[in-house]
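Tertiary structure, described
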Amino acid sequence: MLKLLLLLPVLAQALDSSFATSSLLEGLTQLMLSPSSNQTTRCGQELLALHAAWQRHEAWALKAFDASGSGYANILMGDAHFLGSRTTCQAVNQLVLRYYTSKQQHLLDSLAPFGFDYRVVYVNATTRFKLRFLHRPATLMHIGLCVPQSCERDELEQLLRQTLAVQPLEHQYMELQPQLVYTKKPQFVGRFLESRAFRLLITLLSIVLLLTLLSNVLPKGWSRVLDCFHVPSNWQRLSDSSKEIAVINGLRVVGAISMLILHVPWYSLSVNHTAGTLKAITSLWLHHSYVPAMVEMFFTISGFLTVSSFLSNRAQLQRLAEQPLSSNLVAYLKSLLQRYLRLVPMQIVLMLLVTVAISYYREVSLLHVHVPLDDYCAQDWWQNVLLIQNLFSTHYMCANWTWSLACEMQFHMLAMLLLHLYVHRPKLVRRLVVGILVANLVYSLALVVTMDIQMRFEILSPQMNDHFYFNSFVRLQTYAVGAVYAHAHVNGMRDGKTPLDLVFPGRLVKSLAATAVLWVIWQLQLQANDQNKQLIAAGLIMIRLIISLITLHLILANFSTERCSFVIRWGTQLLQANCFQFLGKLTFTFYLIHPLLIMCFNYGFSYLLPSDFSLWSILSIAYTVIGFAMSTVLTLFLEMPFNRLTNLLMSSLATQQAPESKNKDK
């Protein structure tokens, strides 16, 4: 017992020294006490002075240590941010809160005799006890340091490597093997201002601003090109929805907000890799899979509008029917050009915004940019310009949420090809469409069944993204269903029967089909079936088809509500509200801009936002309001002028072709 009492001071001292370096700044200053360290540099001398002042409990030194991150709490479950306080580090050199309180002035008035800076140290700390997520890049540990300004980056990183080589007790227990990656002084440097993307963005915005000013100064009609940038007329077009299907605008708003709800936790994951964020994303994708499937609304609407607008133009159909099939090639290419010019200009603007924004946050954000979208856009911009980005690896896609635009363009190419063929061979095209739907169903089922799918998000996410989620042929299903409904609507449905009524005739058959759908969904909720590939495949296809069919029946109800149920009529009236009509015209820009808004918001914080449902709900509302406000400006000054320029170009091409066709007739 006496020996144990005598050993207590020794054990206490050993434990104290072991835990001393749990603070990286403390380990850094203790390193300078060793004879082998370089104490002759100004940085080394000031670190020694900091250590001595800390030992004397001087307030300015205590503030420097208090401002630096310490400890390694919750790193096993994915947390890696120990940023300390940037504001407290500023208080080491500056008088803060002087107009707030007169108490404890010795804490506020005690300033360091030399300058201090706030730095962030990024460490790759590996251990077999830490959760590793296969579908995300390795999470770097973020440690804030309040160090003397004289410590240049190279010297500081050399000292940090020596400090991290010392194994304190916490490192030994968790078998941590920390390796320094880099350090950063978060501040606006302006290197991104020299980038090509920034110069292109400024040039584009300057040209648009100049054309907008000229269009509003010069008399209207002076130039048809300048009239495209006339703000009052664009606002009038934006506010006028008399020529559009009212329900579709409402459905677009619902789809856009659904995508935002999905993207709030998803693009927060680019910054926040904690278990809470992963839990929320897993719940959305696996247990509320109807939320990711809401993107099918856009494909369904696009298929319906493409086919209905083509078949409703009787004059065009007659003109195409009178010409040989080979002569329709020019009209086909013009339709592709018009659609391409509708999608690409705003995507180019988005790529420039993404590159500039992420480059900016590389400099000023305390948080490491794990997904360097600015590098991806600089390397693979041509994929987005050609609208083929979904055909390449999803891991290095520039603005990866734009994959749906590539699918949209590819669907349009196929749809217009079949529609031009339909003018001359209607029966053949009907059979081809049925064949495409059957082949798509078989392909989707076979793809899921043959994949090594498990109901584990870490395994499911990369497989689904690479082979299923971004796959054009898989996504073609709901686009084709929308096209079939459009064909039935334009040509008139016999006795008011929809294509669904022809596939499932009678209430009994519909009841049996509904029962089968509910049974599959119920079985998917049971953990015993979380590896049943057949059920998973059936569930995925059913959910997408259900959303597509609901969308189409709401659209048809816009034209005739007599035979609709009360729920359909109520939903139709809600979607036809004036607010939805205005917001519906902003959804294209809103869809493009809101993921960037979410990422910038997260990078702008000096700490991680908690993975809390109530907070995410509030943020979703804030993102919606800010996103639609930004979309209004971008739509008014960029999207609508680009669309009007496209229409002007297409009309000029049509007028040039008209005399040529007349001359041929003569």
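Cut-offs and rules
- Residues numbered from 1 in each chain as written.
- Predicted model: local features only at pLDDT ≥ 70, side-chain atom pairs only at ≥ 80, totals over all residues.
- Heavy atoms only, no water.
- Disulfide = S-S within 2.5 Å.
- Helix = DSSP H or I, 4+ residues; strand = E, 2+ residues; numbered from the N terminus.
- Buried < 20%, exposed > 50% of the residue type's maximum accessible area, 1.4 Å probe, protein only.
- Salt bridge = Lys/Arg side-chain N within 4 Å of Asp/Glu carboxyl O.
- Axes fitted to C-alpha atoms, helices over the stretch in contact; angles between N-to-C directions.
- Parallel < 35°, antiparallel > 145°, perpendicular 65-115°, else oblique.
- Left-handed = near helix turned anticlockwise from the far one by under 90°.
- Contact = heavy atoms within 4.5 Å.
- Expected span 1.5 Å × (residues − 1).
- Polar contact = N/O pair within 3.5 Å; in protein donor to acceptor, adjacent residues only side chain to side chain.
- Nonpolar A, V, L, I, M, F, W, Y, C, P; charged D, E, K, R; others polar.
- Patch = residues over 30% accessible without salt bridge, like charges linked within 9 Å, V, L, I, M, F, W, Y side chains within 5 Å.
- Areas by Shrake-Rupley, 256 points an atom, 1.4 Å probe, with all protein chains shown as cover.
- Pairing = 2+ DSSP bridges.
- Core = buried A, V, L, I, M, F, W, Y, C linked by side-chain atoms within 4.5 Å.
- Phe/Tyr/Trp six-rings, centres within 6.5 Å; stacked < 30°, edge-to-face > 60°.
- Lys NZ or Arg CZ within 6 Å of the ring centre and 35° of its normal.

1. Considerations on the state of the cysteines
Taken as a whole and judged by the stated rule, the model has 3 disulfides. In this model Cys89 forms its disulfide with Cys146; the gap between the sulfur atoms is 2.2 Å. For the disulfide bridge between Cys89 and Cys146, the dihedral angle about the S-S bond is near 85°, and by the sign convention the bridge is right-handed. Of this pair, Cys89 sits in helix α5 (residues 86-90) while Cys146 sits in strand β3 (residues 141-148), and the two are 57 residues apart along the sequence. There is no split in this pair, since Cys89 and Cys146 are both buried. Between the sulfur of Cys377 and that of Cys398 lies a disulfide, 1.9 Å long from S to S. Measuring handedness by torsion sign, the sulfur bridge of Cys377 and Cys398 sits at about 80° and is right-handed. With Cys377 in helix α17 (residues 373-385) and Cys398 in the loop between α17 and α18 (403-424), this pair connects stretches of sequence that are 21 residues apart.

2. Structural notes on helix α2 (residues 24-31)
In terms of burial, α2 is largely enclosed, as 7 of its 8 residues are buried. All buried positions along α2 are accounted for by Leu24, Leu25, Glu26, Gly27, Leu28, Thr29 and Leu31.

3. A word on the pattern of salt bridges
Evaluation of the coordinates by the stated rule reveals 12 salt bridges. A salt bridge links Lys585 to Glu244; the shortest N-O distance between them is 3.7 Å. Here the residue Lys585 occupies a position in the loop between α26 (578-584) and α27 (587-603), and Glu244 occupies one in the loop between α11 (231-239) and α12 (246-268), the gap between them amounting to 341 residues. Arg362 serves as the salt-bridge partner of Asp374, at 2.7 Å between the closest nitrogen and oxygen. Taken as a pair, Asp374 in helix α17 and Arg362 in helix α16 (residues 329-364) lie far apart in primary sequence, 12 residues in all.

4. Quick notes on the packing of α16 against α18
Two elements in contact, α16 and α18, have axes whose closest approach is 10 Å; the angle formed by their N-to-C orientations is 165°. In terms of their interaxial angle, α16 and α18 are classed as roughly antiparallel. The chirality of how α16 crosses α18 is right-handed. In this structure, α16 contributes Ala331, Tyr332, Ser335, Leu336, Arg339, Tyr340, Leu343 and Gln347 to the contact, and α18 contributes Leu405, Glu408, Met409, His412, Met413, Met416, Leu417 and His420.

5. What to know about the environment of Leu414
With respect to the helices and strands, Leu414 occurs in helix α18. Discounting residues that sit within four places of it in the chain, Leu414 has contacts with Ile436 and Leu476.

6. Regarding helix α19 (residues 426-450)
The end-to-end C-alpha distance of α19, which contains 25 residues, comes to 36 Å, matching closely the 36 Å that a straight helix rising 1.5 Å per residue would cover. Looking at α19, one finds that the buried residues are Val429, Asn440, Ser444, Leu447 and Val448.

7. What about the side chain of His594?
Checked against the element boundaries, His594 lands in helix α27. Of note is the side chain of His594, whose polar atom sits 3.0 Å from the backbone oxygen of Phe590. In terms of polar contacts, His594 uses its side chain to reach the backbone carbonyl oxygen of Tyr591, at 3.4 Å. Residues in contact with His594, not counting those within four places in the same chain, are Met259, Leu260 and His263.

8. Quick notes on the packing of α18 against helix α21 (residues 472-491)
One way to put it is that α18 packs onto α21 with a least axis distance of 10 Å and a crossing angle of 45°. When the interaxial angle is binned, α18 and α21 end up oblique. Relative to α21, the crossing made by α18 is right-handed. Residue-level contacts link Trp403, Cys407, Gln410, Phe411, His412, Leu414, Ala415 and Tyr422 of α18 to Ser472, Arg475, Leu476, Tyr479, His487 and Asn491 of α21. Split into classes, the residues belonging to the contact of α18 with α21 amount to 8 nonpolar, 5 polar and 1 charged.

9. Examining a nonpolar patch on the surface
A cluster of nonpolar side chains, contributed by Trp381, Trp382, Leu386, Leu391 and Phe392, occupies part of the molecular surface with about 530 Å² of accessible area. Here Trp382 is to be found in helix α17. Using a relative accessible area of 34% as the deciding quantity, one classes Trp382 as partly exposed.

10. Looking at unusual backbone geometry
The residue His57 is not glycine, and still its phi comes out positive at about 60°. By secondary structure assignment, the location of His57 is in the loop between α3 (42-55) and α4 (59-67). Of note in the backbone geometry, Ala399 takes a positive phi value of approximately 50° without being a glycine. On the secondary structure map, Ala399 appears in the loop between α17 and α18. A residue is classified by how much of its surface remains accessible, and Ala399, at 0% relative accessible area, is buried.

11. So, the sheet that holds strand β2 (residues 116-126)
If you walk across this open sheet you meet the 4 strands as β1-β3-β2-β4, and the pairing is mixed. This sheet does not close on itself; its edge strands, each paired only once, are β1 (81-82) and β4 (177-184). Alignment of β2 against β4, held across 7 bridges, turns out to be antiparallel. Bridge pairing links Thr126 to Gln177 in β4. Against the sheet, helix α7 (residues 153-165) contacts β2, β3 and β4, and its axis sits at roughly 165° relative to β4.

12. Looking at the nonpolar core
Counting 156 residues, the largest nonpolar core has Trp60, Phe116, Trp401 and Trp403 as the members making the most contacts within it. A per-element tally of this core places α16 first, with 13 residues. Core analysis: the next-biggest nonpolar cluster, separate from the first, contains 7 residues, Val448, Phe468, Val474 and Ile536 among them.

13. So, the packing of aromatic side chains
Inspection of the entire model under this criterion finds 25 aromatic pairs. Ring centres 5.5 Å apart and planes at 80° place the aromatic pair Trp382 and Phe392 in the edge-to-face group. Pair noted here: Trp382 is in helix α17 and Phe392 is in the loop between α17 and α18, with a separation of 10 residues, a long-range link. In textbook terms, an aromatic cluster arises when at least three aromatic residues are bridged by ring pairs, as seen for Phe188, Phe192, Phe198, Tyr360, Tyr361 and Tyr603. Over the aromatic face of Phe588 sits the side chain of Arg342, whose NZ or CZ is 4.6 Å from the ring centroid. Above the ring of Tyr469, the side-chain terminus of Arg475 is found at 4.4 Å from the ring centroid.

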